[in-house]
Amino acid sequence: MPYSEAQSSPDLPAILGGNRIKNTPFGKERRYGDAELQELREALEQQTLFYVHGQKVRQLEEMFAEKNGVRFAIACNSGTAAIHAALIAGGISPGDEVITAPITDMGTVIPILYQGAIPIFADLDPQTITLSPEAVEAAITPRTRAVLAVHLWGNACDLDSLRALCDRHDLLLIEDCAQACGSHYKGCPVGTRGAIGCFSLNEFKQISCGDGGIILTDDEALATRLRLATDKAYNRQVTGALRQPAFLAGNYRMTELQGAVALAQLRKLDDIVERRRRWCGELNRRLRGLAGLTLPTPTNGCNPSWWNYPMQVVPDALGVDSDTFAAALRAEGLPVGAHYIGACVYAYPVFAEHSAFAHGEHPYARQKYRQGLCPEAERILRDIVMLSINEAYTEDDLDQTERAIRRVVGWYHAHQDRGS
Ligand SMILES: *Cc1c(COP(=O)(O)O)cnc(C)c1O
C-alpha cells in the first residue's frame, strides 16, 4: 500500500485524502462599476447610439490609437468581426491562402472561410506555444496572401521573424491580439508590428464591453477600407445617394453603448495588465525548475499581458498525464482545466468534413484537414493545463497556488516508480 506511510503527511494531495490547500475563494472584483455607469449614462443622454453621430466610439478609437502609438483605430462589434474586416481590407479573396495557428478560437478562422479563402495551419513552437516562423515559411505557396499571427494566451508570436518573412514573400501580416490586449513585444504594443492588429473586447478578455472589437493600423488607405469593411462598405463621408458600396462588407458596427463601456475599461487596462504581470510573473519565478512541468515561456522580447497561465505537463518526468494532474489541482481548489480547446481547429468537423456550407464548392474543399497535421500543437493540447487567472488575485492566492502545485508535482514525481 504505497500511500499508507504518508497518510498524515502534509504532502498528501487532496485528491488522495489530504487537506485541500485552497480553502478560501480566489480574489474577485466587480469588473463593471461607476466609471462604466457614468459613461453609459452619457452615451444615452446623447440621444443617439449610432457611432457616426455620438462621441463614445470615436473617443474609444482615439484613445486606443494613441495608447498603441499608431494613427488609426477602428472599433467594431467583435474580435471575429475585427479579423473579418482586416481580411476584407487586405483584399483576401476566394482561393487565397491564409496561414494561421491550429490552436486558437474559431473567431480566427471563421472570417477566412467567409472570404472564400483557405486556412492553412502551421505548427507551433513547443516552448512559446505560438506560430513557428519556420513552419509558416514552409507552408507558403504561390496562393498565400497573408499570415494571421495569433498571440495565444497573451504571449506574442516571434514578430521580428514573421515580419521579415512576410516582407520577403510580399504577404500581409495580420495580428490576432484577441488574447493579448496590453502585451508588448520589444517595447511596442502587440498589434503594431503587422499591417493590421485585431483585438476582442468580449466578456472573457483582459478588458470587455460584453462583445466588441477594435482594429489598429498605421496605414491610411487600409484604415479607410477597414472603416468601410465594418459598415456595409457605406462611405459615411458622403450623402446617401452617393453611398454606393464597391465591395462586400457586413454590419460590424460598434454601438455607443459598447463604446461607452469599452472607454471606461480601456482606462483600467494598464492597471489590469500590471497586476496580471506581477502575479503570473511571480508564480513563474517561484515554480521555476520544478521537474515534470514546463512553465509558460514568453517569446523572446515579449512582456505578456497573461490571458491565462498555461502549464505543460511532461508526462514521462511527472509520472502522470495532464488529466490526472488537472484533477489533482482541482481537488486542491485551483481553477484549472486540461487540453484547452481539446483538439486542433483543423480536426473540427467544419474542417475535417468540409461542412462549412450545406452544399456548393468552397475552395477550402481541396485542402485536406486531418489529425497529425501539426504534431507539436497536438502534443501541446494533450499536455496543457490552464490555470484561470484574473487581476484581483492576491498574495495569499499566490502562496496557496504555489503550495498546491508544488505539493501535487512533488507527490507524483516522488511516487511515480511505486506503482499505483
Ligand atoms: C476571443 C478570440 C477571438 C474572437 O473574438 P470574439 O470577440 O469572441 O469574436 C479571435 N481570436 C482569438 C485568439 C480569441 O481568443
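Structure's up top.
A brief report on the enclosed structure follows. On a predicted model such as this, the values are computed, not experimentally measured, just so you know.

Rules used throughout
Here the residue index of a chain counts from 1 through its sequence in written order. Two thresholds apply to this predicted model, a pLDDT of at least 70 for residue-level local features and 80 or more for giving and counting side-chain atom pairs, whereas whole-chain, interface and lining totals are computed over all residues. Side-chain metrics in this entry use all non-hydrogen atoms of the structure; hydrogen atoms and water are not considered. Patch membership needs two things, relative accessible area over 30% and no salt bridge, and members are linked within 9 Å if like-charged or within 5 Å if nonpolar (Val, Leu, Ile, Met, Phe, Trp, Tyr). A 1.4 Å probe and the Shrake-Rupley method give the accessible areas. Residues count as covered only by the protein chains that appear here. In the sections that follow, a salt bridge refers to a side-chain nitrogen of Lys or Arg positioned within 4 Å of a carboxyl oxygen of Asp or Glu. Helix and strand assignments follow DSSP, with helices taken as H or I runs no shorter than four residues and strands as E runs no shorter than two, numbered in order from the N terminus. Partly exposed residues are those whose accessible area sits between 20% and 50% of the maximum for their type, while under 20% is buried and over 50% is exposed, using a 1.4 Å probe and protein chains only. Here, proximity means that at least one heavy atom of the residue falls within 4 Å of the molecule or strand. Contacts described as polar in this section are N or O atom pairs within 3.5 Å, which, within protein, must combine one atom able to donate a hydrogen with one able to accept it, while residues neighboring in sequence count only if both atoms come from side chains. Residue polarity is assigned by list, with Asp, Glu, Lys and Arg as charged and Ala, Val, Leu, Ile, Met, Phe, Trp, Tyr, Cys and Pro as nonpolar; anything else, Gly included, falls into the polar class. Nonpolar cores were defined as sets of buried Ala, Val, Leu, Ile, Met, Phe, Trp, Tyr and Cys residues, with membership established by side-chain atoms within 4.5 Å. Only heavy atoms enter the contact rule, under which two residues are in contact if any of them lie within 4.5 Å. Strands are treated as partners if at least two bridges between them are detected by DSSP. Here the expected length of a helix is defined as 1.5 Å per residue gap, with one fewer gap than residues. Viewed with both strands pointing away, a crossover whose connecting path from the first strand over the helix to the second turns clockwise is right-handed.

## Looking at a nonpolar patch on the surface
Okay, so step 1: Together, Leu44, Leu49 and Leu257 line one region of the surface with nonpolar side chains, adding up to about 230 Å² of accessible area.
Okay, so step 2: Among the secondary structure elements, Leu49 is positioned in the loop between helix H1 (34–45) and helix H2 (56–68).
Okay, so step 3: Leu49 gets classed as partly exposed once you look at its relative accessible area, which sits at 36%.

## Quick notes on the site of the ligand
Okay, so step 1: The immediate surroundings of the ligand are formed by 14 residues, with Gly79, Thr80, Asp176, Ser200 and Lys205 found nearest.
Okay, so step 2: Here a nitrogen atom of the ligand and a side-chain polar atom of Thr108 are 3.3 Å apart.
Okay, so step 3: One of the side-chain N or O atoms of Asn202 is found 2.8 Å from an oxygen atom in the ligand.
Okay, so step 4: If the ligand stood free it would expose 380 Å²; the protein chains cover 93% of that surface.
Okay, so step 5: Counting residues per element, the ones that place at least two in the shell around the ligand are helix H3 (79–89) and helix H4 (106–114).
Okay, so step 6: Each residue belonging to the shell around the ligand can be placed in one class, and the counts come to two nonpolar, nine polar and three charged.

## As for the nonpolar core
Okay, so step 1: By size, the foremost hydrophobic cluster in this structure holds 94 residues, and its most contacted members are Ile103, Leu131 and Ile215.
Okay, so step 2: Here the element with the most residues in this core is H3; it accounts for eight residues.
Okay, so step 3: For Leu131, the residues in contact, after removing those within four places along its chain, are Thr100, Ala101, Ala122, Asp123, Leu124, Asp125, Val136, Val147, Leu148, Ala149 and Cys157.
Okay, so step 4: Of all hydrophobic cores here, the second largest spans 33 residues; its members include Leu12, Trp306, Ala328 and Val385.

## Observations concerning the sheet that holds strand E7 (residues 188–189)
Okay, so step 1: Pairing in this open sheet of three strands is antiparallel, and the strands run E7-E6-E11 from one edge to the other. Strand pairing shows two members of the sheet lacking a second neighbour, E7 and strand E11 (302–303), which therefore form its edges.
Okay, so step 2: As paired elements, strand E6 (residues 184–185) and E7 share two bridges and run antiparallel to each other. In the strand pairing of E7, His184 is matched with Pro189.

## Notes on helix H9 (residues 269–287)
Okay, so step 1: The terminal C-alpha atoms of H9 lie 27 Å apart, and with 19 residues this matches the ideal 27 Å at 1.5 Å per residue to within 8%.
Okay, so step 2: The complete set of buried residues in H9 reads Leu269, Ile272, Val273, Arg276, Arg277, Trp279, Cys280, Gly281, Leu283, Asn284, Arg286 and Leu287.
Okay, so step 3: A positive phi of about 90° marks Gly289, the residue just after H9.

## A short note on the pattern of salt bridges
Proximity of charged atoms lets side chains of opposite charge pair with each other.
Okay, so step 1: Applying the stated criterion across every chain, the model contains 31 salt bridges.
Okay, so step 2: Glu45 is the salt-bridge partner of Arg41, the closest N and O atoms lying 3.8 Å from each other. In this pair, Arg41 and Glu45 are both assigned in helix H1, four residues apart and thus about one turn of the helix distant.
Okay, so step 3: Classification of Arg41 as exposed rests on a relative accessible area of 52%.
Okay, so step 4: Across the salt bridge formed by Lys67 and Asp270, the nearest N and O atoms sit 2.9 Å from each other. In this pair, Lys67 sits in helix H2 while Asp270 sits in helix H9, placing the two residues 203 residues apart along the sequence.
Okay, so step 5: Among the residues examined, Lys67 registers a relative accessible area of 33% and is labelled partly exposed.

## A few points about the pairing of strand E4 (residues 144–150)
The side chains of a regular strand alternate, first on one face of the sheet and then on the other.
Okay, so step 1: The element E4 is largely enclosed, with a buried count of six among its seven residues.
Okay, so step 2: When strand E2 (residues 97–100) meets E4, the two strands line up parallel, connected through four bridges. Bridging across to E4, Thr100 finds its partner in Leu148.
Okay, so step 3: Alignment of E4 against strand E5 (residues 172–176), held across five bridges, turns out to be parallel. In the sheet register, Ala149 faces E5, and the bridge partner there is Glu175.
Okay, so step 4: The parallel pair E4 and E5, bridged by helix H6 (residues 159–169), forms a crossover whose chirality is right-handed.

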